[in-house]
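# Architecture and fold: a report
Now for the letters of each chain:
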Amino acid sequence: MMTNSGIILAVNILVLTIFMAAPAAADLTFESSCPKTIAEGDAFTVHGTGATNGSITLMVLGRHYFHTLKASPDTRGNFSLTLGPEVTRNFSAGQYAFVILDPGANKQYEINTRISGSGNITVTDRGITGADLGSVSDLRASVQPEVAALFAISERKGVDDIIQAEYFFVELPALRFNQKSDPMTGQLILDRNNPHSIVFSGITNMAPKDCLSARIYNATSGKEILRDTLPTITPAGGTEPGGHTNWNTWYYSLDTARLMPGEYVITVGWDREPWCGTDSALFVVPDAETTARLTAGPNQFSLLKHGIFSGL
């Protein structure tokens, strides 16, 4: 007959055994163009910790796209998986799922995927078909049903693989100016407080590691006058000029002494793809007389001197 203390000890051993056998999911962080956003052609990286069950598989599902790749965690369970520009430029606009598959405590994958010669995706449970996800070309902008099918297989008896999924949105590279345009002239309404420089700023969904260029053209002849590389893109929530909480930001300070007075076109954008990730705007470099007139308005000290505020 087992005593009470023996029962308690047996229960404790059972609990400890279950705790030790329970698989631990990896902790994941992501590097993307913007929070929850990937611009086509930007690198996307998954960092993980606590992956102590062997190799890790990353499944990528999205519109007309399915791909898997593996990583081997180091002795501490840390790993990284990067999808480079050569991969992400094949993405299409829409929602993508990044699914991490951990083999679990038995360090063996019960869940695997196969793609037929015709592009049909099959998910297997220990070699037996568990779900048919259809053709890669039929995957839509929302792949939540396909991810739900993966989770359903992971919950089957005898399957200890661990699945974690994160959703990101894929967009074309985009860039915009913060400044508004004059409805009559189409020219940017710029800050004229400093007559020696013009500061352009805006937002972008492209990654901080991207290189942007500013090109200045004569508005009449279309001839390129100068070209500059912009300072590093500031991540969302930054404090640089034009700071924005949800988008990455950029800015460009132009020394007006580099240009003759006149009307110009500025184009700011991505060097890698001239057909997207670019925005253009008209602006004017005023002559000395106009600049003097714009900057010679009364200030508070001159108003005080003339007694405007004397009765206050």
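None of these values were measured; they are calculated from a predicted model.

Moving on: the pattern of salt bridges. When charged atoms on two side chains of opposite charge get close, those side chains can pair. The full count for this structure, using the stated rule, is 6 salt bridges. R126 is the salt-bridge partner of D125, the closest N and O atoms lying 2.7 Å from each other. Looking at D125, the relative accessible area reads 7%, which means it is buried. Here the residues in one salt-bridge network are D125, R126 and R156, joined through shared partners.

We now examine the nonpolar core. Core analysis: the biggest nonpolar cluster contains 25 residues, and F200, I216, W250, Y252, I266 and F283 have the highest contact counts within it. Taken together, the elements giving at least two residues each to this core come down to β12 (175-177), β13 (197-204), β14 (212-218), β16 (248-255), β17 (262-270) and β18 (278-285). The biggest single contributor to this core is β17, with 4 residues. Each residue touching Y252, except ones within four places of it in the same chain, is listed here: I198, V199, F200, A214, I216, L226, D228, L230, R258 and I266.

Now for helix α3 (residues 144-154). Residues spaced three or four apart along an α-helix face the same direction, because each turn holds 3.6 residues. For α3, every residue scored as buried is listed here: E146, V147, L150, I153 and S154. Angular distribution of buried residues about the axis of α3 spans 115°; they occupy a single face of the element. In the core, the buried residues of α3 are packed alongside β4 (56-62), β7 (94-102), β8 (111-115), β9 (120-125), β10 (128-135) and β11 (162-171).

Bringing the pairing of β14 into the picture now. The buried fraction of β14 is high, at 5 of 7 residues. With 7 bridges connecting them, β14 and β17 associate as antiparallel partners. Opposite Y217, over in β17, you have V265 as the bridge partner. Note that β14 and strand β15 (residues 224-229) share 5 bridges and pair antiparallel. Bridge pairing in β15 links I216 to L226.

So, how was this worked out
Residues numbered from 1 in each chain as written. Predicted model: local features only at pLDDT ≥ 70, side-chain atom pairs only at ≥ 80, totals over all residues. Heavy atoms only, no water. Salt bridge = Lys/Arg side-chain N within 4 Å of Asp/Glu carboxyl O. Buried < 20%, exposed > 50% of the residue type's maximum accessible area, 1.4 Å probe, protein only. Core = buried A, V, L, I, M, F, W, Y, C linked by side-chain atoms within 4.5 Å. Helix = DSSP H or I, 4+ residues; strand = E, 2+ residues; numbered from the N terminus. Contact = heavy atoms within 4.5 Å. Arc of directions from axis to C-beta. Pairing = 2+ DSSP bridges.

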